[in-house]
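Below, each chain spelled out in residue letters.
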Amino acid sequence: MLSEAEHRLNLLELKCRKPVEHLLAGEYSSVFKGRGVEFEDVRAYQPGDDVRSMDWKVTARTGEPHIKRYIEEREQFFYLLVDLSASMLHDPKGRKREAMVEICSLLTMVAIKNQDRVGLILFTDQIEHVIPPGKGRSHAMRIMDALMTFKPESKGTDFVTMLARFGHIARKQSVAFVVSDFLTDEYVLELQALAFRHDINAIHLSDPEIAESNLSGLIRMEDAESGSQKVIDLHRQGDLRKHTSDLKQKMLEAGVNLLDHTIGEDSVEALAGFFHSRQRVGIDETGG
């Protein structure tokens, strides 16, 4: 008999299976594609070889003509970098984690279906759990299970530690999705540095109930991450709307693609729209 966790995992897979075909039929494959070919080694020149592949440095050093050999790079490496700090998990209805699980599961299954490799880093103010990149249904289910059930040890948020770990693990050019509410600072420079080598994407999960609140007055609240208490002016919670606009500017300056996803919205349509916007930008940049 299946456990409750296994049952929930199977239901999640069924929920994501059909939308994956929709997302693959869109711009996913053309947006997140490998570089086409990758350098492998050099070998001695043979009659009929393309002289445009000549490695002139090796040829000069050895006195014998050599050419560069390349292999096709068919697969892509994906990483999900997921924030499990208290601000992501401690909402009363669990809606933020539910949205995170759904959108990350969709990304996982789309990548696996496209024969890409997917890895996972769960973090707080420390690295909580790492699943190295892999392929296949069982690997996807392992990632989805961790997204649903993993319980972090810590409550804080430290992007710097997580991004350093990702930079160490991802030796080759990769695609990364950073999933968070981004209710912290001190990460833009690190993201910008990684964006020079990797395709970095941010998924901002925002709560409409907080952003649209019309409450006013003073209230004592406890920070879910630090445990400290402070008096909050609810009239100024409109600053949370400013948080989103500031985040967009920060990501733009860092060269990071941003998907602002409101909890409760359709995750499939959000991802499809994100893929489409990235495809459109790529066409505009190439003059297509």
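The structure displayed is predicted, hence computed values, not measured ones.

A. Main features of the overall build of the protein. In terms of regular secondary structure, the protein is built from 11 helices and 10 strands. Burial status across the protein gives 42% buried among its 288 residues. Look at the contacts in the protein between residues 6 or more apart in sequence, and 74% of them connect residues 24 or more apart. Counting only carbon and sulfur atoms, one obtains 51% of the accessible surface of the protein, whose full area is about 16,000 Å².

B. View of the packing of aromatic side chains. This model, assessed by the stated rule, comprises 8 aromatic pairs. When the centroid spacing of 5.5 Å and the interplanar angle of 10° are considered together, the rings of Phe159 and Phe182 count as stacked. On the criterion of sequence distance, the pair formed by Phe159 in helix H7 (residues 159-169) and Phe182 in the loop between strand S6 (175-180) and helix H8 (188-195) is long-range, its members being 23 residues apart. The exposure class of Phe159 is buried, given its relative accessible area of 2%. Ring geometry for Phe159 and Tyr187: centres 5.0 Å apart, planes at 40°, overall tilted.

C. Seen up close, the nonpolar core. Membership of the largest hydrophobic core comes to 48 residues, with the highest contact counts inside it found for Phe32, Leu80, Val82, Met100, Leu120, Leu147 and Phe177. Ranked by residue count, the leading element in this core is helix H5 (residues 95-113), at 10 residues. Ignoring any residue separated from it by four or fewer positions in sequence, one finds Val82 in contact with Met100, Cys104, Leu120, Ile121, Leu122, Phe123, Leu147 and Val179. Counting 22 residues, the second-largest nonpolar core is a separate cluster that includes Tyr79, Phe159, Ala202 and Val256.

D. Spotlight on the pairing of strand S5 (residues 127-134). Inspection of the sheet shows strand S4 (residues 117-123) paired to S5 by 5 bridges, in the antiparallel sense. Note that in S5 the partner of Leu120 across the bridge is Ile131. In this antiparallel pair of consecutive strands, S4 and S5, the connection spans 3 residues.

E. Examining unusual backbone geometry more closely. In this structure, Gln115 takes a positive phi of about 65° despite not being glycine. Structurally, Gln115 can be placed in the loop between H5 and S4. Residue Phe182 is not a glycine yet carries a positive backbone phi of 55°.

F. Inspection of H7 at higher detail. Every buried residue of H7 is accounted for by Phe159, Met162, Leu163 and Phe166. Take H7 and look down its axis: the buried residues cluster within an arc of 95°, on one side only. On the buried face of H7, the contacting elements are strand S3 (77-83), S4, S5, S6, H8 and strand S7 (199-206). Capping the start of H7, Asp158 holds a side-chain oxygen 3.0 Å from the backbone nitrogen of Val160, two or three residues further along.

G. Local environment of the pattern of salt bridges. Applying the stated criterion across every chain, the model contains 6 salt bridges. A salt bridge links Glu102 to Lys15, with the shortest nitrogen-to-oxygen separation between them at 2.8 Å. A residue pair is termed long-range when its members are at least 10 positions apart, and Glu102 in helix H5 and Lys15 in helix H1 (residues 4-25) qualify at 87 residues. Across the pair Arg278 and Asp199 runs a salt bridge whose closest N-O atoms are separated by 2.9 Å. Of this pair, Arg278 sits in helix H11 (residues 267-286) while Asp199 sits in strand S7, and the two are 79 residues apart along the sequence. Like Asp199, Arg278 is buried. One network of salt bridges, with partners in common, ties together Glu13, Arg17 and Arg137.

H. Seen up close, the packing of H7 against H8. One way to put it is that H7 packs onto H8 with a least axis distance of 9 Å and a crossing angle of 15°. In this view, H7 runs roughly parallel relative to H8, as classed from their interaxial angle. Both H7 and H8 take part in a crossing whose hand is left-handed. Taken together, the residues of H8 that come into contact with H7 (itself represented by Val160, Leu163, Phe166 and Gly167) are Glu190, Leu191 and Leu194.

I. Representation of the environment of Thr161 in the model. With respect to the helices and strands, the residue Thr161 is situated in helix H7. On the accessibility criterion, Thr161 (34% relative accessible area) is partly exposed. Through-space distance from the C-alpha of Thr161 to that of Phe123 is 8.8 Å; in sequence the pair is 38 residues apart.

J. Spatial organisation of the environment of Leu12. Within the secondary structure, Leu12 sits in helix H1. Judged by relative accessible area, which is 10%, Leu12 ranks as buried. Taking the C-alpha atoms as reference points, Leu12 and Val101, separated by 89 residues in sequence, lie 9.1 Å from one another.

Reading guide: rules and limits
Residues numbered from 1 in each chain as written. Predicted model: local features only at pLDDT ≥ 70, side-chain atom pairs only at ≥ 80, totals over all residues. Heavy atoms only, no water. Helix = DSSP H or I, 4+ residues; strand = E, 2+ residues; numbered from the N terminus. Buried < 20%, exposed > 50% of the residue type's maximum accessible area, 1.4 Å probe, protein only. Contact = heavy atoms within 4.5 Å. Areas by Shrake-Rupley, 256 points an atom, 1.4 Å probe, with all protein chains shown as cover. Phe/Tyr/Trp six-rings, centres within 6.5 Å; stacked < 30°, edge-to-face > 60°. Core = buried A, V, L, I, M, F, W, Y, C linked by side-chain atoms within 4.5 Å. Pairing = 2+ DSSP bridges. Arc of directions from axis to C-beta. Polar contact = N/O pair within 3.5 Å; in protein donor to acceptor, adjacent residues only side chain to side chain. Salt bridge = Lys/Arg side-chain N within 4 Å of Asp/Glu carboxyl O. Axes fitted to C-alpha atoms, helices over the stretch in contact; angles between N-to-C directions. Parallel < 35°, antiparallel > 145°, perpendicular 65-115°, else oblique. Left-handed = near helix turned anticlockwise from the far one by under 90°.

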